[in-house]
Amino acid sequence: MTAQFLSEVQAALGSAAIKTAPADIEHHAIDWRKRFFGKPLAVIFPANTEQVAQVVRLANQHKVALVPQGGNTGLSGGATPDASGTQAILSLTRLTRVRHQDAANKTITVEAGVSLQRVQELAEEMGLLFPLSLGAEGSATIGGNLATNAGGTGVLRYGNARDLCLGVEVVTPSGEIWNGLRALRKDNTGYDLRDLFIGSEGTLGLITAAVLKLYPRPKGVMTALVKIAGPEDAFRLLQIAQSRCDAALTAFEYMSAESTQVVIDHFPEVARHGAQIIGGMTTDASPAAASGKTSARSDCVLMEISHAESERAATALLESVIGSALEEGVVLDAIVAQTLAQTKALWHLRETITLGAAEDGAQVKLDIALPISALVDFIDQMNTEMLSAFPGVRLHNFGHFGDGNLHYNIGAPRYLAAGKSPEERRKIYLGYVEENEQAIRRLVHDRVVAMNGSISAEHGLGQLRKNEARRYKTAIEFELMSKIKLALDPNGILNPGKVL
Ligand code: FAD
Ligand code: 2HG
Ligand code: ZN
């Protein structure tokens, strides 16, 4: 059955569109974090929407499951097949055409395999802004961004991927093509199918193209890295910034001292740019090390203010926020980026936390959302509870504080690997995480749900949180989701074993 499927796909798409050699497909079979290991039947690379539809029709005929994949940067194992050797990965990365650019309507229509970074560049060439922004934007695709309803660092002002999409083209699980590429900001003509597919993590349809919403480029964008005493001051700073700037506050990212420590440890040259604020530098590059001392580590906030009119206006706003916060004792110190290079360096520090953590070894990854008013209580209570239940663990808590979204990640106790080689350390940390992950997740998620929060703000359920969603979603919510899946994909062809 699977052999017949592959030979028919080959006849339809050509042999270059199918890869089966282990060396060619290995990096498609493992997720970015190297926590899920699949064994795909093949990786199929259709070149256009019609070919995607052909593959899906053949998959239905032969009852072969398809796992959609874009840049494979997802953090929940959604793009990784199971280990049965019967599921085929359907990569959308060859769908890279830019179909339409409409500066007057402020929209761009691109195919699913175009990288997020490319869309940002195209928008810039149009004199506009595509504000979705995340650390993996060089590899992540628009199809993957929409399928996961990605968040990132611009949500505070511009919303998540769903808010930035006006229309989609979708290949349904039965292999039909739905052209929903409407470039409209208002369209109340029945059920919102677009929003059904966005965030469905490849379980309801294959997104093959999308109309994306662009914005005017602000004339002034100013960034500051700010040292704070703890989460409560992050909250107070957010209130000050929002009351003074309203929508001009375009990013507000919190980083606990422990979260930037992995950047200090593994990418000291990146951490150096924020050393004055984050402290703790122990490398030769740091002023503290040069003076023979190690400074105390601090929590911090990366704050961005954008102004439609001018850089001067953005600077004035940022300085007024920092001035008030200093006066009220909310902020201990601040670096305001003076050049584009400094701005990039501060953002690079923030975006390197995930890479630093990966270099450090396994962590328990959490991606929670809470009402912003509950964040401080959550962090305070959770930190105490966590350290008492799992003594010595590292609280790598950071993220999109302004959206109420924290990556409340937990690292294995550092002492476990004291004096060990990096390879041994990674093995030890992985062992700790494997042993304690379920209990840690339960502890955090029980509290999050009790405080009316969400167990996934932006990374999705994939396979990582599938069972947890069952635990926390109400029976009716789960039943409605299952009915939708069954109605659209009765043969269970698309991404089985994910989400539901
Ligand atoms: P993949 O990983 O290939 O797939 C993700 C899911 O979407 C899978 O379920 C897959 O089956 C499905 N899928 C992919 N393409 C399609 C398609 N065309 N049609 C239907 N289904 C499809 N995420 C955030 O939200 N915010 C962040 O700030 C953020 N930062 C990150 C930083 C780093 C360093 C890394 C490694 C990841 C980060 N992520 C973040 C997670 C990830 O980048 C996003 O989830 C991204 O949207 C995934 O895009 P992708 O193309 O890599 O999708
Ligand atoms: C980010 O905000 C990403 O940088 C990744 O969502 C979060 O590493 C993580 O857990
Ligand atoms: Zn994030």
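Residues numbered from 1 in each chain as written. Chains lettered and ligands numbered in written order. Predicted model: local features only at pLDDT ≥ 70, side-chain atom pairs only at ≥ 80, totals over all residues. Heavy atoms only, no water.

**Quick look at the sheet that holds strand 4 (residues 88-91)**
- Reading across the sheet, the four strands line up as 1-2-4-3 and stay open at both edges, with mixed pairing between neighbours. This sheet does not close on itself; its edge strands, each paired only once, are strand 1 (18-19) and strand 3 (66-69).
- Examined bridge by bridge, strand 2 (residues 43-44) and strand 4 share two bridges and lie parallel to one another. The residue of strand 4 that forms the bridge with Val-43 is Ile-89. (Pairing = 2+ DSSP bridges. Helix = DSSP H or I, 4+ residues; strand = E, 2+ residues; numbered from the N terminus.)

**A closer look at the packing of helix 9 (residues 257-266) against helix 15 (residues 353-360)**
- At a minimum axis distance of 8 Å, the contact between helix 9 and helix 15 shows a crossing angle of 70°. On the basis of their axis angle, the class for helix 9 and helix 15 is roughly perpendicular. Crossing handedness for the pair helix 9 and helix 15: left-handed. Contacts from Ser-259, Thr-260, Val-262, Val-263 and His-266 in helix 9 reach Ile-353, Gly-356, Ala-357, Glu-359 and Asp-360 in helix 15. (Axes fitted to C-alpha atoms, helices over the stretch in contact; angles between N-to-C directions. Parallel < 35°, antiparallel > 145°, perpendicular 65-115°, else oblique. Left-handed = near helix turned anticlockwise from the far one by under 90°. Contact = heavy atoms within 4.5 Å.)

**Considering the site of ligand 1**
- Near ligand 1, the surroundings consist of 36 residues, among which Pro-68, Gly-70, Thr-73, Gly-74 and Thr-141 are the closest.
- In this structure, Gly-70 approaches ligand 1 through a main-chain N or O atom, which is 2.7 Å from an oxygen atom.
- Gly-71 is positioned such that a nitrogen or oxygen atom in its backbone is 2.8 Å from an oxygen atom of ligand 1.
- At the level of elements, strand 3, helix 5 (142-147) and strand 10 (206-213) are the ones that each hand at least two residues to the shell around ligand 1.
- Top element by residues in the shell around ligand 1 is helix 5. It accounts for four residues.
- For the shell around ligand 1, the per-class residue count stands at 13 nonpolar, 21 polar and two charged. (Near = heavy atom within 4 Å. Polar contact = N/O pair within 3.5 Å; in protein donor to acceptor, adjacent residues only side chain to side chain. Nonpolar A, V, L, I, M, F, W, Y, C, P; charged D, E, K, R; others polar.)

**Focus: the pattern of salt bridges**
- Counted by the stated rule, this structure contains 26 salt bridges.
- Note that Arg-182 and Asp-187 form a salt bridge whose closest N and O atoms lie 3.2 Å from each other.
- Judged by relative accessible area, Asp-187 falls into the partly exposed class, the value being 34%.
- The shortest N-O distance in the salt bridge between Arg-394 and Asp-360 comes to 3.0 Å. Here the residue Arg-394 occupies a position in strand 18 (residues 394-400), and Asp-360 occupies one in helix 15, the gap between them amounting to 34 residues. (Salt bridge = Lys/Arg side-chain N within 4 Å of Asp/Glu carboxyl O. Buried < 20%, exposed > 50% of the residue type's maximum accessible area, 1.4 Å probe, protein only.)

**What to know about the nonpolar core**
- Ranked by size, the top nonpolar core spans 54 residues in total, and within it Leu-237, Met-303, Phe-378, Met-386, Phe-401 and Val-444 carry the most contacts.
- Among the secondary structure elements, those contributing two or more residues to this core are strand 12 (220-228), helix 8 (231-245), strand 13 (249-255), strand 14 (299-307), helix 13 (311-327), helix 16 (375-389), strand 19 (405-411) and helix 17 (422-450).
- When residues no more than four places from it in sequence are discounted, the contact partners of Val-444 are Leu-366, Ile-368, Phe-378, Met-382, Met-386 and Tyr-408.
- Ile-108, Phe-130, Leu-164 and Val-168 belong to the second-largest nonpolar core, a separate cluster that totals 31 residues. (Core = buried A, V, L, I, M, F, W, Y, C linked by side-chain atoms within 4.5 Å.)

**Notes on the site of ligand 2**
- Taken together, the residues surrounding ligand 2 are Leu-75, Arg-350, Thr-354, Lys-365, Phe-398, His-400, His-407, Asn-409, Glu-458 and His-459.
- Take His-400: an N or O atom from its side chain is 3.0 Å from an oxygen atom of ligand 2.
- Coverage of ligand 2 by the protein amounts to 89% of the 300 Å² it exposes when considered alone.
- When contributions to the shell around ligand 2 are tallied by element, the ones reaching two or more residues are strand 18 and strand 19.
- Considering only residue class, the shell around ligand 2 consists of two nonpolar, five polar and three charged. (Areas by Shrake-Rupley, 256 points an atom, 1.4 Å probe, with all protein chains shown as cover.)

**Points about the sheet that holds strand 6 (residues 107-111)**
- Across the sheet, which stays open at both edges, the five strands sit in the order 5-6-10-8-9 with antiparallel pairing between neighbours. Looking at the sheet topology across the chains shown, the edges are occupied by strand 5 (98-102) and strand 9 (177-180). Neighbour-to-neighbour, the strand axes of this sheet turn through a mean angle of 10°, independent of strand direction.
- Sheet analysis places strand 5 next to strand 6, joined by four bridges and oriented antiparallel. By the bridge assignment for strand 6, Gln-101 is matched with Ile-108.
- Contacting strand 5, strand 8 (165-171), strand 9 and strand 10, helix 3 (residues 49-62) runs over the sheet at an angle of about 50° to strand 8.
- Against the sheet, helix 4 (residues 116-125) contacts strand 5, strand 6 and strand 10, and its axis sits at roughly 145° relative to strand 6.

**A look at the coordination of the zinc ion (ligand 3)**
- Only His-400 (NE2), His-407 (NE2) and Glu-458 (OE) from the protein reach the zinc ion (ligand 3) as donors, at distances of 1.9 to 2.1 Å.
- With a relative accessible area of 4%, His-407 lands in the buried category.
- When its relative accessible area of 9% is taken as the criterion, Glu-458 is described as buried. (Donors = N, O, S within 2.8 Å, 3.2 Å for Na, K, Ca; no water.)

**A word on the pairing of strand 4**
- Alternating positions in strand 4 separate into two faces, Ala-88 and Leu-90 on one and Ile-89 and Ser-91 on the other, with burial throughout.
- The sheet contact formed by strand 3 and strand 4 spans four bridges and is parallel. Pairing of Pro-68 across the sheet is with Leu-90, part of strand 4.

**A word on helix 1 (residues 2-13)**
- Here helix 1 contains 12 residues, and its C-alpha end-to-end distance of 16 Å stays within 8% of the 16 Å for a straight helix at 1.5 Å per residue.
- All buried positions along helix 1 are accounted for by Phe-5, Leu-6, Val-9 and Leu-13. Mapping the buried residues of helix 1 onto a view down its axis gives an arc of 95°, with all of them on the same face. Across helix 1 from its buried face, at more than 90 degrees, point the exposed residues Ala-3 and Ala-11.
- Check the buried side of helix 1 and you find it contacts strand 1, strand 2, helix 3, strand 3 and strand 4.
- Taken from the residues just after helix 1, Gly-14 is the one with a positive phi, measuring 95°. (Expected span 1.5 Å × (residues − 1). Arc of directions from axis to C-beta.)

**Structural notes on unusual backbone geometry**
- Positive phi, close to 60°, is recorded for Lys-34, a residue that is not glycine.
- Backbone geometry at Val-499 places phi at a positive 65°, although glycine is not the residue there.
- Relative to the assigned elements, Val-499 resides in the segment after helix 19 (475-488).

**Here we look at the environment of Val-321**
- Positionally, Val-321 belongs in helix 13.
- Here the alpha-carbon distance between Val-321 and Ser-243, two residues 78 residues apart in the chain, equals 9.3 Å.
- Non-local contacts of Val-321, meaning those with residues more than four positions away in its chain, are made with Leu-237, Ile-240, Ala-241, Arg-244, Cys-245, Met-303 and Ile-305.

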